[in-house]
Amino acid sequence: MEKKENGLDGKQSGRVIDGPTNPMVTPLLNDLYQFTMAYAYWKAGKQSERSVFDLYFRKNPFGGEYTIFAGLEECIKFLANFNLTDQEIDFVRDSLPGCEEAFCDYLRGLDCSDIEVYAISEGSVVFPKVPLLRIEGPVAVVQLLETPFLNLINYASLVATNAARHRFVAGKSKLLLEFGARRAQGPDGAISASKYCYLGGFDGTSNVAAGRLFGIPLRGTHSHAFVSSFMSLDEILEKVLRTSDGKGTCGDFVSLVQTCLTKLQNSSSLQGIFSETNQSELAAFISYALAFPNSFLALVDTYDVMKSGIPNFCAVALALNELGYKAVGIRLDSGDLAYLSTEVRKFFCAIERDLKVPDFGKMIITASNDLNEETVDALNKQGHEVDAFGIGTNLVTCYAQAALGCVFKLVEINSQPRIKLSEDVTKVSIPCKKRTYRLFGKEGYPLVDIMTGENEPPPKVGERLLCRHPFNESKRAYVVPQRVEELLKCYWRGNADEAREELEPLKELRNRCIKQLENMRPDHMRRLNPTPYKVSVSAKLYDFIHFLWLNEAPVGELH
């Protein structure tokens, strides 16, 4: 799919929208049946019939009661640059036995100039059954959007939700870093994870490509390999380090570090904790500090954390301090993180107290090592001194749940509502073109999301409204909203003369996510047995759903 100008006259709202981040996102990123249906629609003369589809999910992930909506920007980028190349059309023709050449001509003329997309703002907290997107347009074209849209939204929303859950468990004050690139499902999994974990509340990533693409803060230090690659202090050839203000020079930084290590060995508060440290590890730390004196952060568990790693780190940090620099801190990647972080903090504080080094006790302690939501929660219960968590595998692979399960269902065609029935009531779709609203209570929390028919009057502040469960007649409640927010907004119109919502920077999406989660009622957010958030329909829509259900369901016959 080649990047092209968007809209009927080459633009959308006066600007060109870039193509999807991943160049593999083209109209061929599709299930075959989307093209077989498009061909069958075309053969039947139905390809231009006006259709309405809802994209939604049926159940919140990870045993929780909320989801973070993500992936909308990539969908709009795909729409804005939708076209099939001649090579792609040739492949489609070869894949459809008996395909007529006239259908290929039809595909050559396809774009999204007659498509409208209404969506909830990306980064919003969302709930089952409520449409995340409503897509309107010629039925054959909309069907060709189904698989790409589901692909772009399912994982994005799942991993953003996973990130938000980790943020909730860790708390607002902790630094959360995404370290998952090496364990992600391929390059796109790594890039997408970095983007949507940041949206979900993480503070940074180790993924350099994602940092460049999305402006996400980069974080990282060194590995065990760097430490073990050094054999002795003799390997350090360049020993000179200028002071932080640039006005002076230390001619032998190695000797300064050794002097600081001797101070630590002679400190009464640290007696019995260590004696001799691993000198090859010390060489590695000195070399790293010489390379990065302004951002020295060391991995301290290559040999022994308390007997070698921490004393060696502190000696280098003290030497840097004498030259006007401040070391950042350490990373723990193994062992009992609760115990070790507590002991490390005591060590830091003892140095601050005994050697009169301001703020030495406040240096950052970062923990990694296959962390997940449960282990962070367990650390909180045990008590720890970790300031930052580096989380990788369990975060980016969404190990606790493989997929979100978004679906894409026809709800109206040619202004005629349609319904999908099932013996499993959770799979029954909610028909017709709808409007959706979030109703807020007097304490400012969201109370309920309600769907109404397109032409129903919107809920009004201060007016009592009956909210009904879509399928359970006994579940209903009156609500007097103190604030009403309409959720679906227009993000794409083929007609460039009409206004639409602009795509927002990633940081704004992240801020929306954080703000909305902070505004959720605590019982909806808790990890254990959270209270389900209510999703409802208006009384009029409820009646229509069940009328259409009875009208479409075949009547059985007993013999």
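To be clear, the structure that these remarks concern was listed above.
Residues numbered from 1 in each chain as written. Predicted model: local features only at pLDDT ≥ 70, side-chain atom pairs only at ≥ 80, totals over all residues. Heavy atoms only, no water.

Visitor: Got a sec to walk through the pattern of salt bridges? Specific residues and values, please.
Guide: Where charged atoms of side chains with opposite charge meet at close range, the side chains can pair. Scanning the entire structure with this criterion turns up 40 salt bridges. A salt bridge links R93 to D94, with the nearest nitrogen and oxygen atoms 3.9 Å apart. Given a relative accessible area of 25%, R93 falls into the partly exposed group. Taking the shortest distance from any N to any O, the salt bridge between D333 and R331 comes out at 3.5 Å. In this structure R331 comes out as buried when scored by relative accessible area, which is 13%. (Salt bridge = Lys/Arg side-chain N within 4 Å of Asp/Glu carboxyl O. Buried < 20%, exposed > 50% of the residue type's maximum accessible area, 1.4 Å probe, protein only.)

Visitor: Talk me through helix α2 (residues 72-80); I want residue IDs and the actual numbers.
Guide: Of all the nine residues making up α2, nine are buried; the element is thus mostly covered by neighbouring parts of the structure. When α2 is considered as a whole, its buried residues turn out to be L72, E73, E74, C75, I76, K77, F78, L79 and A80. If you follow the buried residues of α2, they end up packed against β3 (116-119), β5 (133-138), α5 (139-170), α6 (186-199) and β21 (489-493). (Helix = DSSP H or I, 4+ residues; strand = E, 2+ residues; numbered from the N terminus. Contact = heavy atoms within 4.5 Å.)

Visitor: Provide a residue-level description of α5, including the pertinent values.
Guide: For α5, which comprises 32 residues, the first-to-last C-alpha distance of 45 Å matches the rise-based estimate of 46 Å (1.5 Å per residue) to within 8%. E146 marks where α5 bends most, by close to 30 degrees; the proline P148 follows one to four residues later. Among the 32 residues in α5, 29 count as buried, and that is most of the element. Phi turns positive one or two residues past the end of α5, at G171, with a value near 95 degrees. (Expected span 1.5 Å × (residues − 1). Bend = angle between axes of the 7 residues up to and from the residue.)

Visitor: How would you explain the nonpolar core if you had to name every residue and give the values?
Guide: If you look at the biggest cluster of nonpolar residues, it comprises 168 residues, and the most contacted ones within it are L133, F149, F253 and F313. A per-element tally of this core places α5 first, with 18 residues. In terms of domain composition, this core takes at least three residues from each of domain 1 (32-164 + 402-552) and domain 2 (221-386). When sequence neighbours within four positions are dropped, the list of residues in contact with L133 reads F53, D54, L55, F69, L72, V117, Y118, A119, F149 and I153. In terms of nonpolar packing, the next biggest core, distinct from the first, is built from six residues, L439, I450, C467 and V479 among them. (Core = buried A, V, L, I, M, F, W, Y, C linked by side-chain atoms within 4.5 Å. Domains from an automatic or database assignment.)

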